[in-house]
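Each chain, written out:
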Protein chains: 2
Amino acid sequence: MRLRNKPWAADLIAENPDMILVSPENIASNWQSRFAKEQPIYIEVGSGKGQFITQMAQKYPDRNFIAVEIQESAIAVILQKQVELKLPNLQLLLGNGAALTTFFAENEVAGVYLNFSDPWPKTRHEKRRLTYKSFLAEYQQIMQPTGYLRFKTDNQGLFEYSLASLNAYGMVFDDISLDLHNSDLAEDNIQTEYEEKFSKRGQVIYRLEAHYK
Amino acid sequence: MRLRNKPWAADLIAENPDMILVSPENIASNWQSRFAKEQPIYIEVGSGKGQFITQMAQKYPDRNFIAVEIQESAIAVILQKQVELKLPNLQLLLGNGAALTTFFAENEVAGVYLNFSDPWPKTRHEKRRLTYKSFLAEYQQIMQPTGYLRFKTDNQGLFEYSLASLNAYGMVFDDISLDLHNSDLAEDNIQTEYEEKFSKRGQVIYRLEAHYK
């Protein structure tokens, strides 16, 4: 979802270099130095306005989180919150999800979250879907062998595609839910802004968790 | 679904040895001899009252079909129809789906259909689910390398389980639909009795197609 341009975004980002990095070229393998404590790092690719990653950071203080978002006007909203909250275990990264292997070293990440990613429904846009094989290869490269990929969406076509794509890549499914909000995982589920809105309208939410062999 | 006992079933079966076999021990590798023409053989494991397999046989005269069903009172209903229809490309097998490797030789089967199989929702009954790994191994043993497994269900838990089970077995997904009746495959879809009834009530039907690596 594209957000309206925010004229104040660039200034806010420039003023908070301790909280956010912009397409950094020398941070790979040094992310722990930006957190208060050295603890496992989880990233969300496509954080939007950041409700999910911010609440995750609050709920799990013993983990470090990084919000990766390509839209300046979206990550600026997360940054606004973080300027208030000053969560010691949350960092922001304005950059392209297709360049993750530039931003992170091998084994630097303990888990990857994808939430309500753009479905790119046209076949010719398949390569842009965040569960396309080139992205799966990226996540694999930066993730520890014990790491997991967790993916939520309300988009039926994207979920069908993703099941097949992860399967073809050789990933192992640890959990699949075809109705997350009526499953055992509902209680612990932290929702995105989008998820809250659409599940209230009765839209089913799909979820999968998988790891690399 | 267990059907009421049919006192006439045993007699009808005994009277039609050209149409139905009962737990046969010497038919493996000789199924083609029971059909009018030698053509690829597709089996349905758990045919119930047989609407699906009968209509498939009518729709695809260039394929041979075998209805496998463990319940005498169910397969007797299929046999009743077949006594009327005398489809040259349909055979019936009263026997246990767990003994498929007794009934069929390696490579004898071109495809396996599972439709609305018993979900066996309790964890301790996992081994009875027709997508449990021991069944997947059976299908693999009797299926040609180019063969496919096609599975439909309205049971969310069984479908979630089956996606994970086939994936863990190393099978490759060729197609996944989380709403078959609103997909491109709907037009060609032949319904079971159960499917007709429950999809009319608005129940979503899941479908997957997969092959062995």
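Residues numbered from 1 in each chain as written. Chains lettered and ligands numbered in written order. Predicted model: local features only at pLDDT ≥ 70, side-chain atom pairs only at ≥ 80, totals over all residues. Heavy atoms only, no water.

In the annotation of UniProt, the entry for chain A reads tRNA (guanine-N(7)-)-methyltransferase, and the organism field reads Latilactobacillus sakei subsp. sakei. Quoted straight from UniProt, the Catalytic activity entry for chain A says "guanosine(46) in tRNA + S-adenosyl-L-methionine = N(7)-methylguanosine(46) in tRNA + S-adenosyl-L-homocysteine". UniProt, in its Sequence similarities section for chain A, records the words "Belongs to the class I-like SAM-binding methyltransferase superfamily. TrmB family." (UniProt positions renumbered as here; feature names shortened; annotations may be inferred.)

Residue and element names in this part refer to chain A. Taken in spatial order, the 8 strands line up as 1-4-3-2-5-6-8-7 in an open sheet, and their pairing is mixed. Looking at which strands have only one partner, the edges of the open sheet turn out to be strand 1 (20-22) and strand 7 (172-177). Averaged over all pairs of adjacent strands, the angle between their axes in this sheet comes to 15°, without regard to strand direction. With 5 bridges connecting them, strand 3 (residues 64-69) and strand 4 (residues 90-94) associate as parallel partners. The residue of strand 4 that forms the bridge with A67 is L92. Packing against the sheet, helix 2 (residues 51-59) makes contact with strand 2 (41-45), strand 3, strand 4, strand 5 (109-115) and strand 6 (143-153), and its axis sits at approximately 175° to strand 3. Seen against the sheet, helix 3 (residues 72-85) touches strand 1, strand 3 and strand 4 and runs at an angle of roughly 160° to strand 4. (Pairing = 2+ DSSP bridges. Helix = DSSP H or I, 4+ residues; strand = E, 2+ residues; numbered from the N terminus. Axes fitted to C-alpha atoms, helices over the stretch in contact; angles between N-to-C directions. Contact = heavy atoms within 4.5 Å.)

Under the criterion given, the structure shown has 12 salt bridges over all chains. We note a salt bridge from D175 of chain A to R207 of chain A, for which the minimum N-O separation is 3.8 Å. Taken together, the positions of D175 of chain A in strand 7 and R207 of chain A in strand 8 (residues 206-211) put the pair 32 residues apart, joining distant regions of the chain. Overall, R207 of chain A belongs to the buried group, its relative accessible area being 10%. K59 of chain B is the partner of D188 of chain B in a salt bridge, and the nearest nitrogen-oxygen pair spans 3.2 Å. Of this pair, D188 of chain B sits in the loop between strand 7 (172-177) and helix 7 (193-200) while K59 of chain B sits in helix 2 (residues 51-59), placing them 129 residues apart in sequence. A residue is classified by how much of its surface remains accessible, and K59 of chain B, at 36% relative accessible area, is partly exposed. (Salt bridge = Lys/Arg side-chain N within 4 Å of Asp/Glu carboxyl O. Buried < 20%, exposed > 50% of the residue type's maximum accessible area, 1.4 Å probe, protein only.)

All names here are of chain A. Within the fold, I27 resides in the loop between strand 1 and strand 2. Owing to a relative accessible area of 9%, I27 belongs among the buried residues under this scheme. Spatially, the C-alpha atom of I27 lies 8.7 Å from that of A105, the residues being 78 residues apart in sequence. Excluding residues within four positions of it along the chain, I27 makes contact with L21, R34, F103 and E108.

On to the interface of chain B and chain A, then. Taken together, the contacts link 14 residues of chain B with 14 residues of chain A. Contact between chain B and chain A buries roughly 1,200 Å² in total, counting both sides, with carbon and sulfur atoms accounting for 59%. Of all residues in chain B, E160, N167 and L178 of chain B bury the most surface against chain A, accounting for 43% of the area lost on that side. One can count 0 salt bridges joining chain B with chain A. (Buried area = accessible area lost by both parts, 1.4 Å probe.)

Our next topic: the sheet that holds strand 7 of chain B. All names here are of chain B. Read from one edge to the other, the open sheet built from 8 strands follows the order 1-4-3-2-5-6-8-7, with strand pairing classed as mixed. A strand with exactly one partner marks an edge of an open sheet, and here the two such strands are strand 1 (20-22) and strand 7. Each strand of the sheet is rotated relative to its neighbour by a mean of 15°, with strand direction disregarded. Seen against the sheet, helix 5 (residues 133-142) touches strand 2 (41-45), strand 5 (109-115) and strand 6 (143-153) and runs at an angle of roughly 140° to strand 6. With respect to the sheet, helix 6 (residues 156-169) is in contact with strand 6, strand 7 and strand 8 (206-211), its orientation differing from that of strand 8 by roughly 15°.

Residues and elements named next belong to chain A. For helix 5 (residues 133-142), the complete set of buried residues consists of F135, L136, E138, Y139 and I142. One side of helix 5 holds all its buried residues, which, seen down the axis, span an arc of 155°. Contacts made by the buried residues of helix 5 are with strand 2, helix 4 (100-103), strand 5, strand 6 and helix 6 (156-169). (Arc of directions from axis to C-beta.)

Before going further, it helps to spend a moment on the UniProt feature "active site" in chain A. Here the UniProt feature "active site" sits at D118 of chain A. Of note is the side chain of D118 of chain A, whose polar atom sits 3.1 Å from the backbone nitrogen of W120 of chain A. (Polar contact = N/O pair within 3.5 Å; in protein donor to acceptor, adjacent residues only side chain to side chain.)

Before going further, it helps to spend a moment on the environment of F35 of chain B. All names here are of chain B. Locating F35 in the fold gives a position in the loop between strand 1 and strand 2. Classification of F35 by relative accessible area gives buried; the value is 7%. Taking the C-alpha atoms as reference points, F35 and Q91, 56 residues apart in sequence, are found 7.6 Å from one another. Once you skip the residues sitting within four places of it in the chain, F35 turns out to touch I41, N64, F65, I66, P88, N89, L90 and Q91.

Further remarks concern the nonpolar core. Counting 76 residues, the largest nonpolar core has I43, F104 and Y139 of chain A together with I43, F104 and Y139 of chain B as the members making the most contacts within it. Setting aside its immediate chain neighbours within four residues, I43 of chain A contacts I66, V68, L100, F104, V109, G111, V112, Y113 and I142 of chain A. (Core = buried A, V, L, I, M, F, W, Y, C linked by side-chain atoms within 4.5 Å.)

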